[in-house]
Amino acid sequence: MRTSSPATGWSHATARLLFAPTLVLLLASFFPALFWATAKRSTAQAPSGSAELALRGARQAMEQGDFAAAARGFEEVRREAPEVKETWGSLALCYLRLGEKARALDVAREAAARWPEDGETRHLLGFLYFQTGQAEPAIRELSRAAKLLPNRHEPQMDLALAYLSVKQYGPAADALEAVIRLQPELALPRILLGRAYQNSNRTLLGIREFQKALAIDPKIPLGHYHLGYAYESLGRNAEAIVEFRKELAQHEGNSEVFYRLGRALLDSGQAKEALVELRRALRAEPNNADAQFALGNALLDLEQTQESIEALRRAAALNPEDPRPYFLLARAYGKLQKREEAAKALQQFAELKKRQGVTGGMAYRPN
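Presented here is a report on the structure given in the accompanying data block. Being a predicted model, the structure only gives us computed values, none of them experimental.

Rules of the game
- Residues numbered from 1 in each chain as written.
- Predicted model: local features only at pLDDT ≥ 70, side-chain atom pairs only at ≥ 80, totals over all residues.
- Heavy atoms only, no water.
- Helix = DSSP H or I, 4+ residues; strand = E, 2+ residues; numbered from the N terminus.
- Buried < 20%, exposed > 50% of the residue type's maximum accessible area, 1.4 Å probe, protein only.
- Contact = heavy atoms within 4.5 Å.
- Salt bridge = Lys/Arg side-chain N within 4 Å of Asp/Glu carboxyl O.
- Axes fitted to C-alpha atoms, helices over the stretch in contact; angles between N-to-C directions.
- Parallel < 35°, antiparallel > 145°, perpendicular 65-115°, else oblique.
- Left-handed = near helix turned anticlockwise from the far one by under 90°.
- Nonpolar A, V, L, I, M, F, W, Y, C, P; charged D, E, K, R; others polar.
- Expected span 1.5 Å × (residues − 1).
- Polar contact = N/O pair within 3.5 Å; in protein donor to acceptor, adjacent residues only side chain to side chain.

On to the overall build of the protein chain. Counting secondary structure elements, the protein chain contains 19 helices and 0 strands. Residues classed as buried in the protein chain amount to 51% of the 367 residues present. Restricting to contacts in the protein chain with at least 6 residues of sequence separation, those with at least 24 account for 57%.

What follows deals with the pattern of salt bridges. Opposite charge on two side chains permits pairing when their charged atoms draw close. Counted by the stated rule, this structure contains 24 salt bridges. Residue Asp-290 pairs with Arg-324 through a salt bridge whose shortest N-O separation is 3.0 Å. Within this pair, whereas Asp-290 is found in helix α16 (residues 289-301), its partner Arg-324 is found in helix α18 (residues 324-335), the two being separated by 34 residues in sequence. Residue class for Arg-324 comes out buried when judged on its relative accessible area of 4%. In this structure, a network of salt bridges that share partners links the residues Glu-75, Arg-78 and Glu-110.

What follows covers the packing of helix α6 (residues 119-131) against helix α7 (residues 135-148). In helix packing, the relevant descriptors are the interaxial angle and the interaxial distance, both defined with respect to the helix axes. Put simply, α6 and α7 touch, their axes get as near as 8 Å, and they point 155 degrees apart. Taken together, the axes of α6 and α7 lie roughly antiparallel to each other. Between α6 and α7 lies a crossing whose hand is left-handed. On α7, the residues touching Gly-119, Arg-122, His-123, Leu-125, Gly-126, Phe-127, Tyr-129 and Phe-130 of α6 are Pro-137, Ala-138, Arg-140, Glu-141, Leu-142, Arg-144, Ala-145 and Leu-148. Class assignment for the residues of the contact of α6 with α7 results in 9 nonpolar, 3 polar and 4 charged.

For the rest of this paragraph, the subject is helix α3 (residues 67-80). Taking 1.5 Å per residue as the helical rise, α3 with its 14 residues ought to reach 20 Å, and the 20 Å between its terminal C-alpha atoms agrees with that figure. Among the residues of α3, Phe-67, Ala-70, Ala-71, Gly-73, Phe-74, Glu-75, Val-77 and Arg-78 are the ones counted as buried.

The next subject is helix α12 (residues 223-233). By the criterion of burial, α12 is predominantly enclosed, with 10 of the 11 residues buried. Of the positions making up α12, those classed as buried are Gly-223, His-224, Tyr-225, His-226, Leu-227, Gly-228, Tyr-229, Ala-230, Tyr-231 and Glu-232. Immediately downstream of α12, the backbone of Gly-235 shows phi near 80 degrees, a positive value.

Turning our eyes to something else, we now look at the environment of Ala-58. Relative to the assigned elements, Ala-58 resides in helix α2 (residues 50-63). By relative accessible area, Ala-58 is classed as buried at 1%. Spatially, the C-alpha atoms of Ala-58 and Ala-70 are 4.2 Å apart, while their sequence positions differ by 12 residues.

Inspection of the secondary structure assignment puts Gln-198 in helix α10 (residues 188-199). Take Gln-198: its relative accessible area is 7%, and that puts it in the buried class. Among the polar contacts made by the side chain of Gln-198, one reaches the side chain of Ser-233 at a distance of 3.2 Å. Dropping the residues within four chain positions of it, Gln-198 is found in contact with Thr-203, Phe-210, His-226, Tyr-229, Ala-230 and Ser-233.

Here you go:
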């Protein structure tokens, strides 16, 4: 007998898996492009004399990855020849690579004041606002950069990231659609667009984008994972299981993928198989409260009641505000005829549900 209920819904922790891994990939992909595009551009702006020598040295240090030496060189050029735009952008990016984000942002602000209608400078400033966690000015600057550079996809991509970071999925989808119009051969923007659609309750459109992304790059990291998650959200667990297994076959084990696969198997009535995947998830991430809860659920389905109680209590300890473990604990104690413990667990469940302001949806059925 299945003991989980659709009324429990996805837990709050599910949100963590949505964009974070893909955003990391995206930043890793596009930051170098922005970096080197800025560094290698505008060679015609080279100054003369000692500033020229300093600029050559700074470029060389930058290419060798010595960002401290490069920053010193670019600072020298900035003092002697502030009209060389390349210097400002490269200097800001050196500071960023050195972990000095505030200093990088200051340089970019000064550059934007000097060249207010320069799209690349606006893009850099927006990028640095985003890097320092300032979504609103990042969106403002990146929107401006996108208008100034209508044929470049990078500002639109970073604009989409900024919108996604504040969960503005509609504008993010608009920006990603613009990226795809400019660069239809890229798979990653389609993954992000799929997630933006799904988070806007347009899951079927999301599935279409995931499928297109996988057609472009069948091995794109997390591609099958996102497609599987979309299927799972529609209750199409058989298809979700296939996609999660493909993801695990292509890439190193990820605790979230193991967890999602375990959940899909559990919801398909395959508790024994779910147990294997959920334990893999917990080996990779022992404090994954959702996986711990699902493990307790699977054990309860398999009539391993005492082990289920232990898992559910660990889940409750990991996430004290989650009422779900207490609901299943009440059922487990009921199976063991421990009525006092069952009543106490049910009371804790009811109090947590009341605190959350959620009513109805889960009915206790004593065994």
